[in-house]
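Examination of the molecular architecture
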Amino acid sequence: MTPEELKKLGGLYVERVTDGFAQYDSRITHMGEREAAAYMRRLRDENGADGAFVDFYYHFLDDDAKQRVLSVLDGEQQAYVRGMDSDSRDLIYPLSDELIDIAARLNDREMLFCTVYFTRTPCTLWGNYKQEYVIFTPRSREK
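1. Side note on the side chain of Thr119
Within the fold, Thr119 resides in the loop between strand E4 (115–118) and strand E5 (123–127). Owing to a relative accessible area of 8%, Thr119 belongs among the buried residues under this scheme. Excluding anything up to four places from it in sequence, Thr119 contacts Leu6, Leu9, Gly10, Gly11, Asn47, Asp50, Gly51 and Phe53.

2. A word on the sheet that holds strand E6 (residues 132–137)
What the 6 strands build is an open sheet, ordered E1-E6-E5-E4-E2-E3; its pairing is antiparallel. Of all the strands in the sheet, just strand E1 (25–30) and strand E3 (92–94) have a single pairing partner and so form its edges. Direction aside, the axes of adjacent strands within the sheet are offset by 20° on average. Pairing of strand E2 (residues 52–55) with E3 involves 3 bridges; the strand directions are antiparallel. Within E3, the position partnered with Asp55 by the bridge is Ile92.

Conventions used here
Residues numbered from 1 in each chain as written. Predicted model: local features only at pLDDT ≥ 70, side-chain atom pairs only at ≥ 80, totals over all residues. Heavy atoms only, no water. Helix = DSSP H or I, 4+ residues; strand = E, 2+ residues; numbered from the N terminus. Buried < 20%, exposed > 50% of the residue type's maximum accessible area, 1.4 Å probe, protein only. Contact = heavy atoms within 4.5 Å. Pairing = 2+ DSSP bridges. Axes fitted to C-alpha atoms, helices over the stretch in contact; angles between N-to-C directions.

Encoded structure:
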């Protein structure tokens, strides 16, 4: 999926975190790997499988960077990533259970930041340094 397709579904696509702060309400929360994965699962369940997505830049990396990413994943996760369509130029994928765990681990280890998008109740989780997530939501009408 492309960013344009995500936007058509109601996703809050943010190219730069500074743009997100300017365009949306935001808050920063601290979550470790397990807590982040549980939070992503809860939001995916609330938004439905067809309303939850993750950007995943792995296929755009050079070979050395790909190896570094794989080095923090377990064997099943490595196989999952290797089995993804590497010929695709898609950036955004449906948020499967496997990708939740992979994104949470990669964000936690600061290896490859993944951003997670929810479209039914629009919300974007921007993976960040030091186990922080920036959570973007539409501007409230009170402002």
